[in-house]
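# Architecture and fold: a report
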Amino acid sequence: MPPRLRPPRQLSLLASAPAGVPPALRHGAQANAPAFPLRPACAHSRRWSSLTSSLLVHSHLTGPGQGRFVPYDTAQETQDTLRAHLLTWKSLRDDERPEPPRPHLLTFEPTPTITLGRRQSSLTPVQTSRLQAPLRVALPDRPDPIPEISFTPDVRKTARGGLTTYHGPGQLVFWPVLDMHSPQYAHFSVLSYAAHLEATTRRLLADVFGLESYTTRDEPGVWVPAAAGQPERKIAAMGVHHRRHVTSLGIALNIDVPVSGPEDVNPWARFVPCGLEGKLVTSVAAELRERDGELGRLSSWNMSTLAAQWARLFEKGLLDEAKRGIEGEDVSLRKRTSDE
């Protein structure tokens, strides 16, 4: 189905790399890194910071220019290379396989991109024009404020299920590339993997910002409590895909992305996010401002440190099956996610 656009506002229009890995990816691996290459193609155009802990390899991508934003296509190319490597390993006979590749986590702050689910209809020219109208981005509440930059959002069809959503500056994206049935840790089911993505994000919100959050059986992602009679507010959107138990995509957390205002500054005003009529999108900054009246808790963090903290929490669930959910919550009560 096509995206559900919001009605226009009346007053404002406003080791060695395996076969198949590109040569540019075959260099620069750290001594303690897995067989995955750690320097992506087009390395001259963005930075690639990799950290290897006891199991998980975390690579935080940054792009050129102010804000260090990364094009969605660039991150997807890197993800696809990692995933192809893991699928190649799985296709080998048992007696041909080297040690299994370690799980990898890609994190990045994207340039403005509106993504569609794989079952959505193609956009009409009118819909495309509206979604790709110029978007003014300014992130003034950071320790190093980012002044206004004008973007033309990209529109991309993805492998996930679900409906239309937005990725862009002020949002931190987490894409684990791993084998849910790896011999390196207890196996994941589809439900337990989704629950682990959500639980990791909820722990980050609680540990770093003191924000309470919850999940709901019917809608994947992470939500923050709303007062009685007020619309529910979504702070993190989840959409995953898996092939032969190898994952792609993941979860995206809204840090200081604009979530209010007219369409020229608030991308969410252009469509109904995830098709959830009557519900709102929120961010860490919006929640802190409403709760505390200021953003003191946000001022001491940046995207790379937040990404590293999420990676540490995520790895704990890889190593300890008991930490793949929130204590006292039953993962089995979740509905199967819509991204299969």
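Residues numbered from 1 in each chain as written. Predicted model: local features only at pLDDT ≥ 70, side-chain atom pairs only at ≥ 80, totals over all residues. Heavy atoms only, no water.

Examined against the element boundaries, S192 turns out to sit in helix α3 (residues 190-209). Side-chain polar atoms of S192 contact the backbone nitrogen of S189, separated by 2.8 Å. (Helix = DSSP H or I, 4+ residues; strand = E, 2+ residues; numbered from the N terminus. Polar contact = N/O pair within 3.5 Å; in protein donor to acceptor, adjacent residues only side chain to side chain.)

Here the focus is helix α6 (residues 303-319). With 17 residues, α6 should cover 24 Å at 1.5 Å per step; its first-to-last C-alpha distance of 25 Å lies within 8% of that length. Counting buried positions along α6 yields twelve of 17 residues, so the element is predominantly enclosed. Within α6 the residues assigned to the buried category are M303, L306, A307, A308, Q309, W310, A311, L313, F314, E315, G317 and L318. The inward-facing, buried residues of α6 contact β2 (57-62), β3 (104-108), β9 (171-177), α3 and β12 (246-254). (Expected span 1.5 Å × (residues − 1). Buried < 20%, exposed > 50% of the residue type's maximum accessible area, 1.4 Å probe, protein only. Contact = heavy atoms within 4.5 Å.)

So, on to the packing of α3 against α6. Packing of α3 against α6 leaves a shortest axis separation of 9 Å and a crossing angle of 135 degrees. Of the possible angle classes, the one that applies to α3 and α6 is oblique. Here α3 and α6 pass one another in a crossing that is right-handed. Between α3 and α6, the residues in contact are Y193, H196, L197, T200, T201, R203, L204, D207, V208 and F209 and L306, Q309, W310, L313, F314, G317 and L318, respectively. Broken down by class, the residue content of the contact of α3 with α6 amounts to ten nonpolar, five polar and two charged. (Axes fitted to C-alpha atoms, helices over the stretch in contact; angles between N-to-C directions. Parallel < 35°, antiparallel > 145°, perpendicular 65-115°, else oblique. Left-handed = near helix turned anticlockwise from the far one by under 90°. Nonpolar A, V, L, I, M, F, W, Y, C, P; charged D, E, K, R; others polar.)

A word on the nonpolar core. Core analysis: the largest hydrophobic core is formed by 40 residues, its most contacted members being F209, I235 and V284. The set of elements that each furnish at least two residues to this core consists of β9, α3, β10 (222-224), β11 (233-243), β12, α4 (284-292) and α6. Other than its neighbours up to four places away in sequence, V284 contacts L205, F209, L211, I235, N254, I255 and L298. Ranked by size, the runner-up nonpolar core spans 17 residues in total, among them L131, V137, L139 and Y166. (Core = buried A, V, L, I, M, F, W, Y, C linked by side-chain atoms within 4.5 Å.)

Before going further, it helps to spend a moment on the pattern of salt bridges. When the charged atoms of two side chains lie near each other, side chains of opposite charge can form a pair. Applying the stated criterion across every chain, the model contains 16 salt bridges. For K279, the salt bridge is made with E232, and the minimal N-O distance between the two is 3.3 Å. Of this pair, K279 sits in the loop between β12 and β13 (280-281) while E232 sits in the loop between β10 and β11, and the two are 47 residues apart along the sequence. Between E287 and R233 there is a salt bridge, and its shortest N-O distance comes to 2.8 Å. Residue E287 is located in helix α4, and its partner R233 is located in strand β11; the two are separated by 54 residues in the primary sequence. No difference in accessibility class separates E287 from R233, as the two residues are buried. (Salt bridge = Lys/Arg side-chain N within 4 Å of Asp/Glu carboxyl O.)

Within α4, burial applies to V284, A285, E287 and L288. Down the axis of α4, the sector holding all buried residues measures 165 degrees, keeping them to one side. Those residues of α4 that are buried lie in contact with α3, β10, β11, β12 and α5 (296-299). Looking at the residues trailing α4, positive phi occurs at G293, about 80 degrees. (Arc of directions from axis to C-beta.)

Attention now goes to the sheet that holds strand β8 (residues 165-167). If you walk across this open sheet you meet the three strands as β7-β4-β8, and the pairing is mixed. Since the sheet does not close on itself, it has two edges, and those belong to β7 (154-157) and β8, each with one partner. Across this sheet, the average inter-strand angle for adjacent strands is 30 degrees, counted without regard to direction. The pairing of strand β4 (residues 113-116) with β8 spans three bridges and is antiparallel. Each bridged residue has a counterpart across the sheet, and for T115 the counterpart in β8 is T165. (Pairing = 2+ DSSP bridges.)

Turning next to the confidence of the model for the protein chain. Put simply, the protein chain has an average pLDDT of 81, and 79% of its residues get 70 or more. Confidence drops under pLDDT 50 across residues 6-46; counting only partners more than four residues distant or on other chains, this segment forms 81 contacts. Predicted confidence is poor over residues 333-340, with pLDDT under 50, and the contacts of this stretch with residues over four places away or in other chains come to 31 contacts. (pLDDT = per-residue confidence, 0-100.)

We now examine the environment of R156. Tracing the backbone through its elements, the reader meets R156 in strand β7. Separated by 39 residues in the primary sequence, R156 and G117 place their C-alpha atoms 9.0 Å from one another. Other than its neighbours up to four places away in sequence, R156 contacts Y72, D73, T113, I114, T115 and L116.

This brings us to the pairing of strand β5 (residues 135-139). Residues in a regular strand point their side chains to alternate faces of the sheet. Only one face of β5 is covered, namely the one carrying L135, V137 and L139; the face carrying R136 and A138 has none of its residues buried. Of the strand pairs in this sheet, β5 and strand β6 (residues 146-151) are connected by four bridges, and their pairing is antiparallel. Residue pairing in the sheet places V137 in a bridge with I149 of β6. Between β5 and the antiparallel strand that follows it, β6, lie six residues.

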